Amino acid sequence: MEKLRILVIEDDDNQRELYKQDLVWVGYDVIAVRSGQEGLQALREQPVDVVLLDIAMPGMDGIETLGKILDYDNQMPVILNTAYSSYKDDFMTWAAEAYVIKSHDTTELHKAIAAVLKKRGIQAPPEPAEASE
Amino acid sequence: MVLAGGEGQRLHPLTSGRAKPGVRFGGTYRMIDFTLSNCINSGMRRIHLLTQYASTSLSRHVRRTWASRLSDDMDEFVDFVPPQRLFADRWYAGTADAIFQNLFILQEERPECVVLLSGDHAYKMDYEAMLAYHLEVGAELTMAAITVPREKATQLGVLEADDKGRVVGFLEKPADPPGMPGRPELSLANMGVYIWSTSALAETVSTDSRTNSAHDFGRDIIPKMVQDGRPVYMYEFMPAGRSPHKYWRDIGTIEGYWQAHMDLVAPVPELDLYDDTWPTYTYKPPLPPAKVICGQDFRQAQVHDSLLSAGCIVCGADVERSVLSPSVRVQPEAVIKECVLMDDVTIGEGAYLQRVIVDEGVAIPAGYSIGANPEEDAKRFVVTDGGITIVPRRVMFE
C-alpha cells in the first residue's frame, strides 16, 4: 500500500529533522521543507495527505502560507504547529484544521494527524510499538 | 463592516464602470449614504468598506462626504478594504469570503461585536438599539427582519422565529415562503443587517472557507448556523427618526431602484429625507438652486410630485413623478413621467420619456420617445419585465 504523505514546513533545522525522522519511523512518507514558498512548490509537485505547518517563519509566515495552501486546495488538512499556546486566539489561524504545540514528545502530533485523516475516512499507520505487539 | 464589493449584476447597466454602492440615488445621494448615515447616526464611527469593483468614484464620494465628519484623533474612520491578496490570492468569492480574507482587521481591533451591513439598501435604522438587544439575548448572530407580503418574499431570505425571537428556520429566496404564525399572508424577511459576536463570525467564515460553498452568508453560513441550533436571534426592524413607517428596500435591482424612487416622490414618502432628526448625509457639490421657468411664448413648465436637485433647469416642460439629479436640463415641451434622470442629463425639446432611467451625461435628442413603445425600446435599450427602460452612459443616438 502506498504510504501517506506528510508535508512538514518548518524553518528550524533541528525541529524539521526531528519531525521527519519521527514521522518516517511511524510509517509516513515525509517531505520536509524550510519555508512557505518551498512548501507551496512541494504541494504543486506531488499529492500530499496532511500539512504540518510552523507559524513563526521568516519571509512568508505560517499564517500567509496557510492562506495560500487553502487557496490552492481548501480541503487540505493543515495542522498548525507553534511554540506558543496563545496562537489559538488569532482569528487568522482558525482556518487550520488542528493545532499542536511544539514538543519533543510527538504523541499529540500523531493523534492530530490520525484525527484529520480519520475525518477523511483514512486510517493512519499504527505506531511501530503497537505494530510489534 | 459594510459589504460594498458586489459586482452589481442585478443593477446592470447602471453598474457598468462604477461600484454599485456608488450609484446615484434619490437625486443627490449615493446608495451607500443610507447605510453610512445610519452608522454615524447610531454612533458607530469605525467603518470598514469592503470593496472590489470599480470603486474610484465611490472612494471619492466617501472621502468628500465622510472625511470631514469623522475624527482621526478619536480613531473614527471609513476605510476602504479591497482584497489584499495576501491571505488568499483571489478576489472576494462571496460575502463570507470577504470577511474571511479580512480577519486580520478583526484580529487587530478585537471588537466584541461586528455590525455587518450591505451598501445597497435604503432605510433608516438605529443599529445601537439592535446591538443592545443582541447583547441582552446573548446571541452569536442577530438578524434584523421586516414583515413583507408573503408573495414578495421569494427574492429575499425568509426567517422563522419562535416566540422568544430565536431563529429556528431560514430559507434563502424560497419559491414558497413560509408565512408567520397567525399571519399567513406575511413573511419575515432578512434585511441584510447583522450583528455578530466576533468569535462566532471568525469561526463560521473560517469553517466555510474550507468548503466548496458559494461562501455567502444568506445561502451558506446562516442556514447552517440555524440548522446546527446555534443562538441566532431575530430583531424586528424599528425605523429611526420621525417616520412611523417601517420602510426598507433593496435598491440593488433595477425594479427595486426605480420603485424606491417612486416611493420618494409620494406626497408623504415613507422614507423621509426631510427628517432632520435622522439625517442622510451626502456630498453636495457647489451648484446653484434648481430653476423652473417658462419656455417660449410663455409655455409654462409643470412640475409635480418630483424631486429636483441643485443645478437643474426645467424650461417649459412637464415633469411628473420623477427624480432629477444635479444639473439636469429639460427643454421646452418635453414630457417626463416616472423617470429617474442622473447627473448632467439633457432632455431635448419635445422628447417624451416614461418609466425611464437615464444614466449620467446622456443627451436625449429633441423629439425622441422612450417608454411609449416597449417593443421598439427593447431593440435599443435594456427593458425590464416590469417595463422600466434604462438608457446607459455614452449611448449614441442616430
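Check the entry above for the structure.
What follows covers the overall build of chain A. For chain A, the count of helices and strands is 5 helices and 5 strands. Scanning chain A from its N terminus toward the C terminus, one meets helices and strands in the order β-α-β-α-β-α-β-β-α-α. In terms of C-alpha radius of gyration, chain A reaches 14 Å, essentially the compact-globule figure of 14 Å for 133 residues. Its C-alpha atoms put chain A at 45 × 30 × 25 Å along the principal axes. The buried share of chain A, reckoned over its 133 residues, is 34%. Sequence separation of 24 or more characterises 58% of the internal contacts of chain A that already satisfy a separation of 6 or more.

Within chain B, the secondary structure is distributed over 9 helices and 29 strands. Here chain B has a C-alpha radius of gyration of 22 Å; the compact-globule value for 398 residues is 21 Å, and the two agree. Referenced to the eigenvectors of the C-alpha coordinate spread, the extents of chain B come out at roughly 70 × 50 × 40 Å. Classification of the 398 residues of chain B by burial places 46% in the buried group. A sequence separation of at least 24 residues applies to 57% of the contacts in chain B between residues at least 6 apart.

Right, let's talk about helix α2 (residues 36-45) of chain A for a bit. All names here are of chain A. Buried within α2 we find Gly36, Gly39 and Leu43. Down the axis of α2, the buried set is contained in an arc of 55 degrees. They therefore lie on one face. Facing away from the buried surface of α2 by more than 90 degrees, the exposed residues are Gln41, Arg44 and Glu45.

Further remarks concern the interface of chain A and chain B. Counting from both sides, the interface comprises 12 residues of chain A and, opposite them, 14 residues of chain B. For the side of chain A that touches chain B, a count of residues per class yields 5 nonpolar, 3 polar and 4 charged.

Residues and elements named next belong to chain B. For helix α1 (residues 32-41), a buried count of 9 out of 10 residues is recorded, marking the element as mostly surrounded by other parts of the structure. Listed in full, the buried residues belonging to α1 are Ile32, Asp33, Phe34, Thr35, Leu36, Ser37, Asn38, Cys39 and Asn41. Two residues or fewer after α1 comes Gly43, characterised by a positive phi angle close to 80 degrees.

With 144 residues, the main nonpolar core has A:Ile6, A:Val51, A:Ile79, B:Met143 and B:Ala145 as its most contacted residues. Of the residues forming this core, the biggest block, 7 residues, is contributed by strand β11 (residues 186-197) of chain B. If we skip the residues at most four places from it in the chain, A:Ile6 touches A:Leu23, A:Tyr28, A:Val30, A:Asp49, A:Val50, A:Leu52 and A:Ile113.

Cut-offs applied
Residues numbered from 1 in each chain as written. Chains lettered and ligands numbered in written order. Predicted model: local features only at pLDDT ≥ 70, side-chain atom pairs only at ≥ 80, totals over all residues. Helix = DSSP H or I, 4+ residues; strand = E, 2+ residues; numbered from the N terminus. Rg over C-alpha atoms; globule rule 2.2 N^0.38 Å. Buried ≥ 20, exposed ≤ 12 C-beta atoms within 10 Å, placed from the backbone. Contact = placed C-beta atoms within 7 Å. Arc of directions from axis to C-beta. Nonpolar A, V, L, I, M, F, W, Y, C, P; charged D, E, K, R; others polar. Core = buried A, V, L, I, M, F, W, Y, C linked by C-beta atoms within 7 Å.

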